[in-house]
Amino acid sequence: MAVTIFIRSATPQHGRVENRLDAALIGAALIGAGVGFLWFNAFPAELFMGDTGAMAIGGAIAAMAIMLKVELLLLFVGGIFVIEALSVILQVLSFKLWGRRIFLIAPIHHHFEMKAWSDTKIMVRFWIVTAILCGAGFALFYKYYPNIKPQ
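In this text the structure is predicted, and so the values were computed from the model without any measurement.

Draft legend 1. Quick look at helix α3 (residues 50-67). The end-to-end C-alpha separation of α3 is 26 Å, in line with the 26 Å expected for 18 residues at 1.5 Å each. Just past α3, the residue Lys69 takes up positive phi, approximately 60°.

Given below as structure tokens:
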């Protein structure tokens, strides 16, 4: 989205970050790092990211969304992370309130593993859900941010 904002407008509007090229370059660097990681993380994984890398990428995406004033779109673009977190929250609340579990195990991707889904099946289905949610995020971006005019 940062690249789109930079390309479509060179002047600051509605309190957005003035130098959109910086945000676009950081976004491009994050995309490049992610693609490079996925190249070596293909099955069988040769490289593991861990919490440090995941938290850094998540923090960078959140900071960019705040700088570009598109925070609510993170619910769509990062929808699979929201679903994973909600599955844990619902599991804990359900167990504390009623003594029953909603899922076999939380987070939800482990629930699907316990249902004998293969890792590849879970991963591809999560990719599909992510693609749909990202498409919805971009559609909402163009619907609710029409004041970004082309140069």
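Draft legend 2. A nonpolar patch on the surface, seen in detail. Residues Leu72, Leu75, Val82, Leu86, Ile89, Leu90, Leu93, Leu97, Trp98 and Ile102 make up a contiguous nonpolar surface patch of about 1,000 Å² in total accessible area. If one sorts the elements of the nonpolar patch by residue count, helix α5 (residues 79-98) sits on top with 7 residues. Summarising the element assignment, Leu93 is placed in helix α5. Residue Leu93 is classed as partly exposed on the basis of its relative accessible area, which comes to 45%.

Draft legend 3. Broad picture of the side chain of Gln91. If you trace the backbone, Gln91 turns up in helix α5. Apart from residues no more than four positions distant in its own chain, Gln91 is found in contact with Arg101, Ile102, Phe103, Leu104, Ile105 and Ala106.

Draft legend 4. Layout of the side chain of His111. For His111, the position within the fold is in helix α6 (residues 108-114). Accessibility expressed as a relative area gives 12% for His111, which makes it buried. When residues no more than four places from it in sequence are discounted, the contact partners of His111 are Phe103, Leu104 and Ile105.

Draft legend 5. Structural detail: the packing of aromatic side chains. Per the counting criterion, the structure on display carries 3 aromatic pairs. With centroids separated by 6.3 Å and ring planes inclined at 90°, the aromatic side chains of Phe112 and Phe126 adopt a geometry described as edge-to-face. Here the residue Phe112 occupies a position in helix α6, and Phe126 occupies one in helix α7 (residues 119-144), the gap between them amounting to 14 residues. Grouping residues by exposure puts Phe112 and Phe126 together as buried. Look at Phe141 and Tyr142: their rings are 5.3 Å apart centre to centre, the planes differ by 75°, and that puts the pair in the edge-to-face class. A relative accessible area of 2% places Phe141 in the buried class. Through successive ring pairs, a cluster of aromatic residues spans Phe112, Trp117 and Phe126. Sitting above the plane of the Trp117 ring, Lys121 keeps its charged end 5.0 Å from the centroid. One cation-aromatic arrangement involves Arg125 over Trp117; the distance from NZ or CZ to the ring centre is 5.0 Å.

Conventions we followed
- Residues numbered from 1 in each chain as written.
- Predicted model: local features only at pLDDT ≥ 70, side-chain atom pairs only at ≥ 80, totals over all residues.
- Heavy atoms only, no water.
- Helix = DSSP H or I, 4+ residues; strand = E, 2+ residues; numbered from the N terminus.
- Expected span 1.5 Å × (residues − 1).
- Patch = residues over 30% accessible without salt bridge, like charges linked within 9 Å, V, L, I, M, F, W, Y side chains within 5 Å.
- Areas by Shrake-Rupley, 256 points an atom, 1.4 Å probe, with all protein chains shown as cover.
- Salt bridge = Lys/Arg side-chain N within 4 Å of Asp/Glu carboxyl O.
- Buried < 20%, exposed > 50% of the residue type's maximum accessible area, 1.4 Å probe, protein only.
- Contact = heavy atoms within 4.5 Å.
- Phe/Tyr/Trp six-rings, centres within 6.5 Å; stacked < 30°, edge-to-face > 60°.
- Lys NZ or Arg CZ within 6 Å of the ring centre and 35° of its normal.

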